[in-house]
Amino acid sequence: MSQRPMLLKGGRVVDPSQGLDDHVDVLLTEGKVSKIGTALPRPEGTEEVDCAGTVIVPGLIDVHVHLREPGGEHKETIATGARAAAAGGFTAVCAMPNTDPVIDSPATVGFVAAAGREAGSARVYPVGALSIGQKGERLTEIGELVEAGAVAITDDGRPVMDSGLMRLALEYAQAFDIPVADHPEDLGLSRNGVMNEGVVSARLGLAGKPNASEDVHILRDLLVAELTGGHIHIQHVSTRQGIEAIRQAKARGVRVTAEATPHHLLLTDEAVEGYRTDAKMNPPLRSDADRDAVREGFLDGTLDTLATDHAPHHYDEKEQAFDDAPFGIVGLETVVGLILTHLVHTGEMDLSTFVERASVQPARAFRLPGGTLVEGGVADVTVLDLDREWTVDPSLFLSRSRNTPFTGWDLRGGPVRTVVGGRTIWTLAEGSRS
Amino acid sequence: MSEPARPLGKDLVGLEDLSADQIRTILDTAEPFKEISERRIKKVPVLRGQTIVNLFMEPSTRTRISFEFAEKRLSADTVNISSTGSSVQKGETLVDTARNLEAMKIDMVVIRHWASGAARFLAERIPSNVVNAGDGSHEHPTQALLDLLTLRDHLGDLAGRRVCVVGDILHSRVARSNIWGLLKLGAEVGVCGPRTLLPRGIESFGVEVFNRIEEAIEWADALNILRLQLERMKGGFVPSLREYNRVYGVSTARLEKAPRDVLILHPGPMNRGVEIDSDVADGPQSVILKQVTNGVAVRMAVLYLLAGGSPERAEAAKRRGMGG
Ligand SMILES: [Zn+2]
């Protein structure tokens, strides 16, 4: 790394990892945070960035994205996904393994890691499959996957239906100090459901997935984590009962971390009205009471990690009858504006808690570099303008896909600069630099 | 000629979207068309020169034939496209189907599709009028309209009348359209069936829920008995047809215990001996064949109104048709 040092000058630094919220300068040298302090002098050859009026935070990390490569390059590639992440203010993302082929071998993990490095944008951390082929039968070579760069294992996209296999994963993974991430869903209870089971599904004549389909597996995961002492990371929690169960498990010391997605924080199944396939995702958007519970859990830290579950799909895959359209929406390029507008500016959540959920805790949960601006840490930084006003326009996305239910939303606040390893990879003014 | 008023708007997707007045307009417009079907020359020229495509992506002989009769009696040119032997089943998406229809400059599409929301999907994408002939488990508005017309013929004003829909409410588009239509016309609506076949939250529609057919019969002025699809047994929703008949089958013995004569409707095709016994289907309280007759009249009314006709002109059309 021989890029010029960078001095971020005049900004407000918010870093809950060290209890910092102050107007200080940040000096990045050789890929590391080398100094934080007031009125830092500019060393010879240093690029100075005027950060007056902006907020400097440890680089945001999304532990749950689908980058679709290999096999789904018409939806997204590792490179386009990494650039979309950067444009959304993320310095790192964790790529889910439900690709074609599945990321279940050291070679495929290595491929994702290498493609991520090659993209030269946001860092891309591979997540390995929990079971071979995500078939839910036999564990992958978890040690080898970790060696090749995997930071977690999961069968996301589908649940681990065999509780015995979940037990083995939670036991075996402990040797490598990685979380076991689970998409909690009892397929017997969700049957052929395509949306939340409730009044809206009853009216639209669409098959529903009841809350219980998620709750049963959350409870199962918590109990098996408790049994084994393993670290369970529960993905995209959407039900009030599931959140209550996680809250209680945390209180009794179970090693559990859990995600809240922007769409489960902000939308309900009413968004499906008119058979809108851009509101079709799994787990589905649920009731008002569930949405309120997701918010409450996100505020009190029961849901400690903000994750988008970025799930790109080609437009003609979504332009279908609701039953036929695939599950998932993109999230990387809208989440910061959505949360700032609807949780931070409304006074529900303070800025430092937002940074805790979107950077500090994801790094901690997945044992990743970053999530802090302490001196000596990686120089992964996101610069936010809390007041810039913008409107969600999918045609401007760097992602290859446009499937979002937030089109046309007026937002206040968003990233203006994303820095990875001391190098600016994206700015609002100039776009992607990779 | 003045600009057509379009009392129904461009499409008929479902009864949930219609007002009570719009529903009454359709039923009133069906009256003169009923009479046309009784004549020797059963044709009026009101849709002459109009092209209607019947797009049936799910087999349904009855509904398709009923629409075809309605279209021909209105002198429209019709084309049938069905899922067997055409491109629609060879992986062509609904979007492409819509674009092709649009390119062919047709006036109306009658669509039957296995997916809920398909009719609306099409309606939003083509300028032609779209009539929903049943989409998934969502709605089947013309079936409910003919049910309403038949009920009105026999019960008069439906306000305060009690109609119970019996059977697989969960998967039934007929049930949903009936519930909306009946509620809008002021009827009290009941549903009765095994809990496995009732959508959770159905109470919020404003309907009475009966777990036992005996209670429904005691309560109702009319029963609309749905066909039990045999797939429901494979799906495990009901243990056996025999048990379904034992618990939910409508029989003469059960009807005899009712405090009043209960009118019997069934959208067909019937599973005799499953949801309905033969002596009930063929008995004096059954209006099942009248439903079939009314089906053509109601569909004529819907097509006519969507094409820009007005209820008043339907009378005139009837008289003109006589001369033709
Ligand atoms: Zn998932």
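Cut-offs used in this document
- Residues numbered from 1 in each chain as written.
- Chains lettered and ligands numbered in written order.
- Predicted model: local features only at pLDDT ≥ 70, side-chain atom pairs only at ≥ 80, totals over all residues.
- Heavy atoms only, no water.
- Donors = N, O, S within 2.8 Å, 3.2 Å for Na, K, Ca; no water.
- Helix = DSSP H or I, 4+ residues; strand = E, 2+ residues; numbered from the N terminus.
- Buried < 20%, exposed > 50% of the residue type's maximum accessible area, 1.4 Å probe, protein only.
- Pairing = 2+ DSSP bridges.
- Core = buried A, V, L, I, M, F, W, Y, C linked by side-chain atoms within 4.5 Å.
- Contact = heavy atoms within 4.5 Å.
- Salt bridge = Lys/Arg side-chain N within 4 Å of Asp/Glu carboxyl O.
- Axes fitted to C-alpha atoms, helices over the stretch in contact; angles between N-to-C directions.
- Parallel < 35°, antiparallel > 145°, perpendicular 65-115°, else oblique.
- Left-handed = near helix turned anticlockwise from the far one by under 90°.
- pLDDT = per-residue confidence, 0-100.
- Phe/Tyr/Trp six-rings, centres within 6.5 Å; stacked < 30°, edge-to-face > 60°.
- Lys NZ or Arg CZ within 6 Å of the ring centre and 35° of its normal.
- Buried area = accessible area lost by both parts, 1.4 Å probe.
- Polar contact = N/O pair within 3.5 Å; in protein donor to acceptor, adjacent residues only side chain to side chain.
- Expected span 1.5 Å × (residues − 1).

Residues and elements named next belong to chain A. Around the zinc ion, the protein contributes the donor atoms D156 (OD), H183 (ND1) and H236 (NE2), which lie 2.0 to 2.3 Å from the metal centre. Sequence spacing among the residues donating to the zinc ion works out to D-x26-H-x52-H. Residue H183 is found in the loop between β13 (180-182) and α5 (187-190), and its partner H236 is found in the loop between β16 (232-234) and α8 (240-251); the two are separated by 53 residues along the sequence. For H183, a relative accessible area of 2% translates into the label buried. For H236, a relative accessible area of 1% puts it in the buried group.

This paragraph deals with the sheet that holds strand β18 (residues 305-306) of chain A. Residue and element names in this part refer to chain A. In spatial order, the strands read β11-β12-β13-β16-β17-β18; together these six strands make up an open sheet with parallel pairing. Edge strands, defined here as strands with exactly one partner in the open sheet, are β11 (128-129) and β18. Pairing geometry for strand β12 (residues 153-154) and β13, over two bridges, is parallel. Considered in β13, the bridge of T154 is made with A181.

Let's shift gears to the nonpolar core. The biggest cluster of nonpolar side chains holds 95 residues, and the ones touching the most others in it are I234, I246, L265 and F354 of chain A. Of all the elements, helix α12 (residues 335-344) of chain A adds the most residues to this core, at seven residues. Among all residues touching I234 of chain A, those that are not within four sequence positions of it are D182, P184, I218, D221, L222, I246, V256, T257, A258 and E259 of chain A. L198, V207, V296 and L305 of chain B belong to the second largest nonpolar core, which has 64 residues in total.

We now examine the environment of P7 of chain B. Residues and elements named next belong to chain B. As for its placement among the helices and strands, P7 is situated in the segment before α1 (20-36). On the accessibility criterion, P7 (26% relative accessible area) is partly exposed. In the structure, P7 is positioned 304 residues away from P311 in sequence and 9.0 Å away in space, judged by C-alpha atoms. Leaving out residues up to four positions away in the same chain, P7 has contacts with Q22, L305 and G309.

The final tally for this structure, using the stated rule, is 47 salt bridges over all chains. Between E197 of chain A and R200 of chain B there is a salt bridge, with the nearest N and O atoms lying 2.4 Å from each other. Of this pair, E197 of chain A sits in the loop between β14 (195-196) and α6 (199-204) while R200 of chain B is found in the loop between β6 (188-192) and β7 (208-210), placing the two residues in two different chains. Residue classification places E197 of chain A among the partly exposed residues on the basis of a relative accessible area of 22%. Across the pair R64 of chain B and E68 of chain B runs a salt bridge, and its minimum N-O distance is 2.8 Å. Pair noted here: R64 of chain B and E68 of chain B are both in helix α2 (residues 61-73), with a separation of four residues, about one helical turn. A residue is classified by how much of its surface remains accessible, and E68 of chain B, at 15% relative accessible area, is buried. Through salt bridges with shared partners, one network takes in D28, E31, K34, R152 and D153 of chain B.

Before going further, it helps to examine the packing of helix α7 (residues 211-228) of chain A against α8 of chain A. All names here are of chain A. Two elements in contact, α7 and α8, have axes separated by 8 Å at closest approach and are oriented at 15°. Compared by their axis directions, α7 and α8 come out roughly parallel. Once α7 is placed against α8, the crossing between them reads as right-handed. Note on element contacts: α8 touches α7 through R240, Q241, G242, A245, I246 and A249, opposite N211, D215, I218, L219 and L222.

Before going further, it helps to examine the confidence of the model for chain B. With 94% of its residues at a pLDDT of 70 or more, chain B has an overall mean of 92. In the predicted complex, the global pTM is 0.94; the interface-specific ipTM is 0.92.

As a further point, take the packing of aromatic side chains. Summed over the entire model, instances satisfying the criterion amount to six aromatic pairs over all chains. Ring geometry for W180 of chain B and F205 of chain B: centres 5.0 Å apart, planes at 15°, overall stacked. Highlighted residues: W180 of chain B in helix α6 (residues 173-184) and F205 of chain B in the loop between β6 and β7, separated in sequence by 25 residues. Residue classification places F205 of chain B among the buried residues on the basis of a relative accessible area of 8%. Ring geometry for F210 of chain B and W219 of chain B: centres 5.1 Å apart, planes at 50°, overall tilted. Above the plane of the ring of F237 of chain B lies R191 of chain A, whose end atom (NZ or CZ) is 4.9 Å from the centre. Above the face of the F67 of chain B ring, R299 of chain B is positioned so that its terminal group lies 4.9 Å from the ring centre.

Each side of the interface is counted separately: chain A has 17 residues, and chain B has 21 residues. With both sides pooled, the region where chain A packs onto chain B buries about 1,600 Å², and carbon together with sulfur makes up 52% of that total. Per-residue buried area on chain A facing chain B is highest for R203, Y275 and E319 of chain A; these three make up 33% of the total on that side. Applying the counting rule to chain A against chain B returns three salt bridges. E319 of chain A is paired through a salt bridge with R125 of chain B; the nearest N and O atoms lie 2.9 Å apart. Our count for the contact surface shared by chain A and chain B stands at seven residue pairs in polar contact (both at pLDDT 80 or more).

Further remarks concern unusual backbone geometry. The linkage connecting D100 of chain A with the following residue, P101 of chain A, adopts the cis geometry, with an omega of 5°. The topology assignment puts P101 of chain A in the loop between β9 (90-95) and α2 (106-119). In this structure, the amide linkage connecting G268 of chain B to the following residue, P269 of chain B, adopts the cis form with an omega of -10°. Checked against the element boundaries, P269 of chain B lands in the loop between β9 (263-265) and α11 (278-281).

Another aspect to go through is the side chain of N211 of chain A. Residue and element names in this part refer to chain A. You can see N211 is positioned in helix α7. The class of N211 is buried, set by a relative accessible area of 9%. Setting aside residues no more than four positions away along its own chain, N211 makes contact with N196, T239, R240, Q241, R286 and D290.

This brings us to the pairing of strand β8 (residues 222-225) of chain B. All names here are of chain B. Residues of β8 alternate between two faces, with A222 and N224 on one and L223 and I225 on the opposite face, all of them buried. Relative to β8, strand β5 (residues 162-166) is paired through four bridges, and the arrangement is parallel. Bridge pairing in β8 places V165 opposite N224. Bridge analysis of β8 against β9 gives three bridges, and the strand direction is parallel. Among the inter-strand pairings, A222 is bridged to a residue of β9, identified as L263.

All names here are of chain A. Over its 13 residues, helix α10 (residues 288-300) runs 18 Å from end to end, which matches the ideal 18 Å to within 8%, given 1.5 Å per residue. Where α10 is concerned, the buried positions are D290, R291, A293, V294, R295, G297 and F298. The positive-phi residue at the C-terminal boundary of α10 is G301, with phi of around 90°.

Moving on: the sheet that holds strand β4 (residues 129-135) of chain B. Residues and elements named next belong to chain B. In space, the four strands of this open sheet follow the order β2-β1-β3-β4, with parallel pairing throughout. Bordering the open sheet on either side are β2 (77-82) and β4, each of which pairs with just one other strand. Strand-to-strand twist of the sheet, defined as the mean angle between neighbouring strand axes without regard to direction, takes the value 15°. Helix-sheet contacts for α2 involve β1 (51-56), β2, β3 (108-113) and β4, and the interaxial angle to β1 is about 180°.

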